Amino acid sequence: MVDRGPILTSAIIFYLSIGAAIFQVLEEPNWKAATQLYKENKVKILARHSCLTPKDLEDILETVSSAAGQGVTITGNSTFNNWNWPNAVIFAATVITTIGYGNIAPKTSAGRFFCIFYGLFGVPLCLTWISALGKFFGGRAKRLGLFLTKRGVTL
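Computed from a prediction, not measured in an experiment: that's the story for all the values here.

What follows concerns the nonpolar core. Most often, soluble globular proteins keep nonpolar side chains buried together rather than apart. Counting residues in hydrophobic clusters, the biggest one holds 24 residues, and the most contacted among them are Phe 23, Trp 83, Phe 91, Ile 96 and Tyr 118. Of all the secondary-structure elements, those providing two or more residues to this core are helix H1 (5-48), helix H3 (85-96) and helix H4 (109-150). Sorting elements by how many residues they give to this core places H1 first, with nine residues. With sequence-adjacent residues up to four places away left out, Tyr 118 is seen in contact with Tyr 15, Leu 16, Gly 19, Phe 23, Ala 92, Val 95 and Ile 96.

Attention shifts here to the state of the cysteines. Taken as a whole and judged by the stated rule, the model has zero disulfides. In this structure Cys 126 is not part of a disulfide, and its nearest cysteine sulfur, from Cys 115, lies 14 Å away. For Cys 126, a relative accessible area of 2% gives the class buried.

The sites that UniProt annotates as "transmembrane region" (unreviewed entry) are residues 7-26, 85-104 and 116-137. Helix makes up 100% of residues 7-26 and strand 0%, whereas the separation of the span's terminal C-alpha atoms amounts to 28 Å. Structurally, residues 116-137 is divided into 100% helix and 0% strand, and its ends, taken at the C-alpha atoms, are 31 Å apart.

A grouping of Phe 113, Ile 116, Phe 117, Leu 120 and Phe 121 is seen on the molecular surface, where their side chains present a nonpolar patch of about 570 Å² in accessible area. Relative to the elements of secondary structure, Ile 116 occurs in helix H4.

Two elements in contact, H1 and H4, have axes separated by 10 Å at closest approach and are oriented at 165°. Comparing the axis directions of H1 and H4 gives the class roughly antiparallel. In the packing of H1 onto H4, the handedness of the crossing is left-handed. Looking at side-chain class alone, the contact of H1 with H4 contains 18 nonpolar, five polar and one charged residues.

This next bit is on H1. The terminal C-alpha atoms of H1, which comprises 44 residues, lie 62 Å apart, in line with the 64 Å expected from a rise of 1.5 Å per residue. Along H1, the sharpest kink reaches roughly 35°, centred on Glu 27 and followed within four residues by the proline Pro 29.

Attention shifts here to the packing of aromatic side chains. Under the counting rule described, the total for this entry stands at nine aromatic pairs. Centre to centre, the rings of Phe 23 and Tyr 118 are 5.4 Å apart; their planes meet at 80°, and the pair counts as edge-to-face. Of this pair, Phe 23 sits in helix H1 while Tyr 118 sits in helix H4, placing them 95 residues apart in sequence. Take Tyr 118: its relative accessible area is 2%, and that puts it in the buried class. Members of the aromatic cluster, each reached through a chain of ring pairs, are Tyr 15, Phe 23, Trp 83, Phe 91, Phe 114 and Tyr 118.

Another aspect to go through is the packing of H3 against H4. Where H3 meets H4, the closest approach of the two axes is 7 Å, and the angle between their N-to-C directions is 65°. Taken together, the axes of H3 and H4 lie roughly perpendicular to each other. Two secondary-structure elements touch here, H3 through Phe 91, Ala 92, Val 95 and Ile 96 and H4 through Cys 115, Tyr 118, Gly 119, Gly 122, Val 123 and Cys 126. Here the residues of the contact of H3 with H4 sort into eight nonpolar, two polar and no charged.

What counts as what
- Residues numbered from 1 in each chain as written.
- Predicted model: local features only at pLDDT ≥ 70, side-chain atom pairs only at ≥ 80, totals over all residues.
- Heavy atoms only, no water.
- Core = buried A, V, L, I, M, F, W, Y, C linked by side-chain atoms within 4.5 Å.
- Buried < 20%, exposed > 50% of the residue type's maximum accessible area, 1.4 Å probe, protein only.
- Helix = DSSP H or I, 4+ residues; strand = E, 2+ residues; numbered from the N terminus.
- Contact = heavy atoms within 4.5 Å.
- Disulfide = S-S within 2.5 Å.
- UniProt positions renumbered as here; feature names shortened; annotations may be inferred.
- Patch = residues over 30% accessible without salt bridge, like charges linked within 9 Å, V, L, I, M, F, W, Y side chains within 5 Å.
- Areas by Shrake-Rupley, 256 points an atom, 1.4 Å probe, with all protein chains shown as cover.
- Salt bridge = Lys/Arg side-chain N within 4 Å of Asp/Glu carboxyl O.
- Axes fitted to C-alpha atoms, helices over the stretch in contact; angles between N-to-C directions.
- Parallel < 35°, antiparallel > 145°, perpendicular 65-115°, else oblique.
- Left-handed = near helix turned anticlockwise from the far one by under 90°.
- Nonpolar A, V, L, I, M, F, W, Y, C, P; charged D, E, K, R; others polar.
- Expected span 1.5 Å × (residues − 1).
- Bend = angle between axes of the 7 residues up to and from the residue.
- Phe/Tyr/Trp six-rings, centres within 6.5 Å; stacked < 30°, edge-to-face > 60°.

The structure is reproduced here in structure tokens:
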């Protein structure tokens, strides 16, 4: 019987790469638009109000809350792209390993729709891969046990 481990591992890597690329293409424009809107609103509020009042502070907090609802992580004057390549790969991996979303999730309808179908095909692929890994490591552990037994090592 042919060892399927390398083939399945290659399939997982390929599937994760394709999924990450599609998630990134679907979700990053939404993130960029939300980030741009956040920056524009921040400039408008600061230009309108030289001294902030409680109402002005509420405006700022509403802007930050709206941006955060679209997946924009805000730290001071900088923003963080949740849909860069490494995060997209991690998200794709959490979908097919059934771990769950984590901190990022698709915000667009297209991203959510793709996530469903990505998981439908990715989860069985991942489970098959995990099964092959178990057989691989189980066989190696059995051979190690036999080798140690022949050497006189006992429990």
